[in-house]
Structures are given as structure tokens and as C-alpha cells.
Amino acid sequence: MQRLTNNIFFNLAVLTFGAAVYSFGIKDIVVAKGLMSGGVSGVALLLFYLTGALGPGVYYFLLNLPLMVLGWVSLSRRFILYTVYGMGILSLFMQLLPERALIADPLLAAVFGGAVMGAGSGIMLRTLGSAGGTDILAIWLNQKYNLRIGQFNFVFNLAVFAAGMAFYDPTLALYSIILSYANSKVMDYVLALFNQRKMVFIISDKADAIARDIISSLKRGATFLHGAGAYTGKSKRVILTITNTVEIKRLEELVFSHDPNAFFVVENTFNVLGEGFSRRKVY
């Protein structure tokens, strides 16, 4: 899988697919209702609404040029080259796709338009590139300060909408905030979809046997954490292991087949990097 995600043609194909999904959300749902999408694409749409000239794809391309320069200086050349392609193909799709009003109700258009755009952005960010725009700033902040990409985009978009309300229909601007929220939540979900794992703590007097079966039967690693019972003061070895949602039931059955009185604690994790799981993606 790691070789596949590093493949040039795989990355270009996924960028193209994500751009098509994102552009569909804009041209077939958002633009028809006069909504803003937030970020650089939102500014491009606003300029298009105000001027009625050129088209949102052209404005998106022009607004991205200075951000490409910033990214070239602060991020890797590989990431920026992929992003230049992603930004270019997205601009082309935004320009060429026909504008259609698929959803009549503006609230539904905001929710589903934001969801489709968030899915498109998340798909593009699953590659070694992005769609450009605020994604460049968001990824830089994510790499430096671990700020989630969707959260940054939502906060940035609130500032854009607040400024836009001075010369834009307030009702449509409020609908656009709903769109932005749906966009950010779906984007984060798509980014976490293939990375989310289950972190499991197992407390049992039969920790050795359980750990051996986790390694031999489930082919998962296990780590002993040394602890002590607060009431009894008895030393215990706590098993820590990571698994996925498919195998969690098998792990549960394995544990309780050894010790019906075991404690089995499951935590959701946003991302797991390491051998057997996701590899760290370097931008």
C-alpha cells in the first residue's frame, strides 16, 4: 500500500477524482444557490458573483498563484508539484462543468454541497498533494502545530464570511457557514477514514497467555505496561495493543476465552503511525 501511495500515477488519478467530486459540489449544488464555499474557492466564487465575468475556475487559479510561491518556499517541492496539478485540474473542472441546480432548498444545498466538497477535499488530501488554496496554510500548521486541517479551514472561513456579510446577502452568508461546517467535518472524516484504529488496554491475571495469542493468532503486536492495583497493591502487567474495527470482536473473544474476569478497555484513535499501520506522510 505504501508503494501505491508513493506512485505518481496513483496520486494524479486520486487528485483528479477528488477534484471532480469537489467541482461537482460547487457547480451543481453551491453556485446555483449563490452560496459561498469558504477559503480561496469562496473568494473566487464571491468575485464571480460580483463581476459575472471570467468564471470561478479562473479566479481560483489566479488567487492560488501567490500561495504556490509560499508553498514552494515553506513546503517540499514534491508536495507543491502535486498541488500545482491538483489546483490546475480543479480550476479546469470548475470552469468546464455545467452549472445546474440539483437541489432547490438552500439549506439542503448547504448541507449536501458542503459534504460533497468536503469529500472531494479529503480525497485530494489523501494523496501527496492537495487542492491548493488554504490547504497549503492548513497543512503547514498541521505539520508544525498538529492543528487539524478541517478545524483551520472552518475558522478561516468564518472570517471570510464575516467580512463578506458587509456586501453580501446575510441569509446566504449564514447558509454558507452551514456549508463550511459540513465541509470541514466531512473532510476530517475522510482523512481519518482509513487511519482510525482501536487502542485496547487489557487487564488480566493471564496476561502472558493473552499476549502470546494476540501475537500468534491475530498477528498484532502487544506491549506490557507495568502497573499495580490501587486497592490490593498487587503488581499487574497491562497489555496495550492496537487493532482495527474489523478485528476488535476477535480480540474480545480471544481475551475472554482466556479470562472471563478480564478488563477490556477500548479507545478510538484518530491516527496510528508505525509498522503494520500507516506510514508518516512527509509533505
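Identification of the protein chain as YitT family protein from Solidesulfovibrio carbinolicus is taken from an unreviewed UniProt entry. UniProt lists a comment for the protein chain under the heading Subcellular location (unreviewed entry), and it reads "Cell membrane".

Colleague: Help me understand the overall build of the protein chain, please; the structure alone is not making it clear to me.
Modeller: Of regular secondary structure, the protein chain possesses 11 helices and 4 strands. Principal-axis analysis of the C-alpha atoms gives the protein chain an extent of 75 × 40 × 30 Å. By the burial criterion, 46% of the 283 residues in the protein chain qualify as buried. For the protein chain, contacts bridging at least 24 residues in sequence account for 73% of all contacts bridging at least 6. Element-wise, carbon and sulfur atoms account for 65% of the exposed surface of the protein chain, whose accessible area totals about 14,400 Å². Of the side chains in the protein chain, 24 bear a positive and 15 a negative charge, and the two mean positions are spaced by 8 Å.

Colleague: Explain the side chain of Ser91 here, please?
Modeller: For Ser91, the position within the fold is in helix H5 (residues 77-96). When its relative accessible area of 6% is taken as the criterion, Ser91 is described as buried. Those residues in contact with Ser91, other than ones at most four positions away along the chain, are Gly57, Tyr60 and Phe61.

Colleague: Please explain helix H11 (residues 248-258) as it appears in this structure.
Modeller: Within an α-helix, residues lying three or four positions from one another point in the same direction, as the helix has 3.6 residues per turn. Here H11 has its buried residues at Ile248, Leu251, Leu254 and Val255. Considered in projection along H11, the buried side chains sweep an arc of 125° and stay on one side of the axis. Of the residues in H11, the exposed ones pointing more than 90 degrees away from the buried face are Glu253 and Ser257. As for H11, its buried residues are in contact with strand E1 (197-203), helix H10 (207-216), strand E3 (235-243) and strand E4 (263-269).

Colleague: Before we go on, may I ask you to explain the sheet that holds strand E2 (residues 223-228) in this structure?
Modeller: Read across the sheet, 4 strands follow the order E2-E3-E1-E4 without closing on themselves; strand pairing throughout is antiparallel. A single partner strand is all that each edge strand has here, and the edge strands are E2 and E4. The mean inter-strand angle of the sheet, taken between neighbouring strand axes irrespective of direction, is 25°. The sheet contact formed by E2 and E3 spans 6 bridges and is antiparallel. Its bridge partner lying in E3, Phe224 is registered against Ile239. On the sheet, H11 packs against E1, E3 and E4 and is oriented at approximately 160° with respect to E4.

Colleague: So what exactly am I meant to see when it comes to the UniProt feature "transmembrane region" (unreviewed entry) in the protein chain here?
Modeller: The UniProt entry lists residues 7-26, 46-67, 79-97, 109-128, 149-168 and 174-194 under the feature "transmembrane region" (unreviewed entry), expressed in the numbering used here. The span residues 79-97 shows a helical share of 95% and a strand share of 0%, and its end C-alpha atoms are spaced 26 Å apart. Taken end to end, residues 109-128 is 85% helix and 0% strand, and its first and last C-alpha atoms sit 30 Å apart.

Colleague: Whenever I open this one, the packing of aromatic side chains confuses me. Can you help?
Modeller: Centre-to-centre distance and the angle between the planes together describe a pair of aromatic rings. Following the criterion strictly, the structure yields 1 aromatic pair and no others. Seen in terms of ring centroids, Phe256 and Phe264 are 6.0 Å apart; in terms of plane orientation they differ by 50°. Their pairing is tilted. Judged by its relative accessible area of 31%, Phe256 falls in the partly exposed class. Geometry around Phe224 places Arg237 over its ring, the cationic atom sitting 4.2 Å from the centre.

Colleague: Teacher, can you tell me more about the domain arrangement of the protein chain here?
Modeller: A common way to report how large an interface is uses the accessible area buried once the components associate. What the domain assignment reports for the protein chain is domain 1 (1-194) and domain 2 (197-268). Its C-alpha centre places domain 1 at a distance of 42 Å from the equivalent point of domain 2.

Colleague: I'm lost on the nonpolar core in this one. Help?
Modeller: Most often, soluble globular proteins have nonpolar side chains that are buried together. Ile26, Leu35, Tyr60, Leu90 and Ile149 are the most contacted members of the largest nonpolar core, which has 47 residues in total. Secondary structure elements with two or more residues in this core: helix H2 (8-30), helix H3 (39-51), helix H4 (56-74), H5, helix H6 (106-125), helix H7 (134-145), helix H8 (149-164) and helix H9 (170-193). Ranked by the residues each element gives to this core, the list is headed by H5, at 7 residues. In this structure, Ile26 is in contact with Val31, Ser41, Leu45, Met94 and Met117, ignoring residues within four places of it in sequence. Membership of the second largest hydrophobic core comes to 14 residues, among which are Ile202, Ile210, Ile248 and Ala262.

Definitions and cut-offs
- Residues numbered from 1 in each chain as written.
- Predicted model: local features only at pLDDT ≥ 70, side-chain atom pairs only at ≥ 80, totals over all residues.
- Heavy atoms only, no water.
- UniProt positions renumbered as here; feature names shortened; annotations may be inferred.
- Helix = DSSP H or I, 4+ residues; strand = E, 2+ residues; numbered from the N terminus.
- Buried < 20%, exposed > 50% of the residue type's maximum accessible area, 1.4 Å probe, protein only.
- Contact = heavy atoms within 4.5 Å.
- Areas by Shrake-Rupley, 256 points an atom, 1.4 Å probe, with all protein chains shown as cover.
- Lys, Arg positive; Asp, Glu negative; His and termini not counted.
- Charge placed at Lys NZ, Arg CZ, Asp CG, Glu CD.
- Arc of directions from axis to C-beta.
- Pairing = 2+ DSSP bridges.
- Axes fitted to C-alpha atoms, helices over the stretch in contact; angles between N-to-C directions.
- Phe/Tyr/Trp six-rings, centres within 6.5 Å; stacked < 30°, edge-to-face > 60°.
- Lys NZ or Arg CZ within 6 Å of the ring centre and 35° of its normal.
- Domains from an automatic or database assignment.
- Core = buried A, V, L, I, M, F, W, Y, C linked by side-chain atoms within 4.5 Å.

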